[in-house]
Amino acid sequence: MANHKETFEGCVIEIKDDVNLTINGKEINYEHDRTNNKWSSRYLPYTKYNSLLELARAIVRDTVEFSHANE
Amino acid sequence: MAIRKDANTLTAAERAEFVAAVRELKAEGIYDQFVLRHANAIMNAIHRAPAFLPWHRRFIFDLELELQRVSGNPNLGIPYWNWPSGGANASMWNDDLLGGDGDAGGVVRTGPFRAGEWTVINASGLPAGPLMRAFGQSGLPALSTQADIDQIMAVIPYDVSPWNTSSNPSFRNQLEGWIGPDLHNRGHVWVGGSMLPMTSPNDPVFYMNHCMVDKIWHDWQVRFPNQGYLPASGGPFGQNLNDPMDSTPSGQVGSRPIDVLDSVALGIQYDDAIVQPPPLPPPVIVVGAAPTPADIGAPGETDIFQFEVSAFGPHTMFTTGPSDTFMTLFGPNDPTAEVASNDDGGENFNAQINRNLSAGTYQLRVRLFSPNTTGNYAIGVRSDGGPVPTIPELVVDGGSIDASISAANESDLYRFQITAQDTYTIQTTGTTDTFLSLHGPNNQTPEMASNDDGGISSNAQLRLELGPGEYFARVRHFSPLGIGSYSIRVTRG
């Protein structure tokens, strides 16, 4: 089991034991399609990602809950 | 009647009307309620599952009613995003409709939904910044082509177990985008930005994307009228034909898939900007001819054939060959009325149906027993010889004939002779809910009149003026599955 922690676009992504994902301390539920080895989340319902970290970065980048776009 | 048009064909006035209506709904707070309805639905209840299409049909239908209300135009329809001609340079992205791509940071700064004019909300309903777009930068650089659409338009059935992103063959799963060319998901991902999360209705192009999805489903329904919504039952709760769908309030129409299957009944009319190939007439099988070669070239495919029965009599419908076929018979003269089906009634694993058939047009639908295999076969229909049974004759003012509908979809045919013009009554009696049609004169085919409950109780009765000639009365149960005994007679007056 591996742990990973990084700051991506101002958000702290943490993956514990390869499976427990948090962003800025918030637990993120996700689905793992074991047949195709893809990850997805209700945050981004139209895409499956190749890794949990890739999913986490996409959530940070593309959801209004975590992105920080300014007018 | 909502008239839905290709977004790129809207006139300046139509664009202005649509934009004004959307902005009015935003000002009223109604627009954001729709964002939240989608954002807070259970993801796997409205996506990645059979209800994906009916849920979104109902969703955009409801918004359309609101657009009609605020615009005062009962014909206002959500425009559809015709992907093959809807790329970044298409007019739908002009400043008078949707505005264009985001800037280097993804912020939309053109059009009526630009930063400062339009604020998106998060799943809690709180303001969350400007609308974001990043055309082609989220992993899918190109939009769907017409060839992609044509490919998916040929897929049947509607959906299949396990009713998720693995379902195959599945029209729903392909249209949604989890297998095959990817149509719906591609629209979201190509736009990027605010179209990526569950709050994607923040971008008005969401509705145009789903209007295109809905149009393709509608076109597919027209093309395959016998391919119904699946699962009818037995699937996960919320996905079956009569289950209430998640996050779907009561409204002008019901909240079940069955409530939204018919676009026309919902008052939706699409323009003809996308020309779909018309449904081909089924190949005709000649009764008594050598079996017609055919094959199931794609898993899940169903072949449809048509044949004519000229006169009542015993017939055998059969397949031959190495495939494990499953055959269903429909008719007469109604391709939705199922008469019988069979799996292995013939040689080896071939299907065979033996029935007495009335005169009329019938359809045979053949698939392989396994939805995952392909194979060839041949199909034929033969009349099983012997003298053609005599059609029972009713004598005017004579006695009744006692009979019964003994099998689903059975119909009984009678003849009677009229020698003098006058008013005549044809009626059934008994406890069976009969349906009566009158044909003639001197021909079994033209229908002159029909009746369900014009007689006593649930009996049928026709009273009309007839001239000299031979007439034919056909009796069936009102319910396609119903059986029961009855009596029939013809009287003068």
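Residues numbered from 1 in each chain as written. Chains lettered and ligands numbered in written order. Predicted model: local features only at pLDDT ≥ 70, side-chain atom pairs only at ≥ 80, totals over all residues. Heavy atoms only, no water.

A. Representation of the interface of chain A and chain B within the structure. Listed as interface residues are 17 residues of chain A and, on the opposing side, 36 residues of chain B. If you look at where chain A meets chain B, you find one salt bridge. Of the charged contacts, one joins Arg48 of chain B and Glu31 of chain A as a salt bridge, the two residues approaching to 3.7 Å between their closest N and O atoms. Taken together, the links from chain A to chain B amount to nine residue pairs in polar contact (both at pLDDT 80 or more). (Contact = heavy atoms within 4.5 Å. Salt bridge = Lys/Arg side-chain N within 4 Å of Asp/Glu carboxyl O. Polar contact = N/O pair within 3.5 Å; in protein donor to acceptor, adjacent residues only side chain to side chain.)

B. Just helix α4 (residues 52-71) of chain B, in detail. Residue and element names in this part refer to chain B. A rise of 1.5 Å per residue sets the reference length of α4, with its 20 residues, at 28 Å; its end C-alpha atoms lie 28 Å apart and thus fit the reference within 8%. When you tally the buried positions in α4, you get 15 out of 20 residues, the bulk of the element. Gly72 sits one or two residues past α4 and shows a positive phi near 75 degrees. (Helix = DSSP H or I, 4+ residues; strand = E, 2+ residues; numbered from the N terminus. Expected span 1.5 Å × (residues − 1). Buried < 20%, exposed > 50% of the residue type's maximum accessible area, 1.4 Å probe, protein only.)

C. Highlighting the sheet that holds strand β2 (residues 11-16) of chain A. Residue and element names in this part refer to chain A. Spatially, the four strands line up as an open sheet ordered β1-β2-β3-β4, and their pairing is antiparallel. Unpaired on one side and paired on the other, β1 (4-8) and β4 (26-27) mark the two borders of the sheet. Bridge count between β2 and strand β3 (residues 20-23): four bridges; the pairing is antiparallel. Following the sheet pairing, Glu14 is matched in β3 by Thr22. In this fold helix α1 (residues 52-62) packs onto β1, β2 and β3, with an angle of close to 155 degrees to the strand it touches most, β2. (Pairing = 2+ DSSP bridges. Axes fitted to C-alpha atoms, helices over the stretch in contact; angles between N-to-C directions.)

D. Structural detail: the pairing of strand β16 (residues 411-418) of chain B. Residues and elements named next belong to chain B. Buried residues dominate β16, accounting for six of its eight residues. Relative to β16, strand β14 (residues 393-394) runs parallel, the two sharing two bridges. Looking at the pairing, Leu394 lines up with Phe416 of β16. One ladder, built from eight bridges, connects β16 with strand β21 (residues 469-477); its direction is antiparallel. Bridge pairing in β21 links Ser411 to Arg476.

E. Local environment of the environment of Glu338 of chain B. All names here are of chain B. If you trace the backbone, Glu338 turns up in strand β10 (residues 338-342). The partly exposed category is assigned to Glu338, whose relative accessible area is 38%. With 143 residues separating them in the primary sequence, Glu338 and Leu481 have C-alpha atoms 8.9 Å apart.

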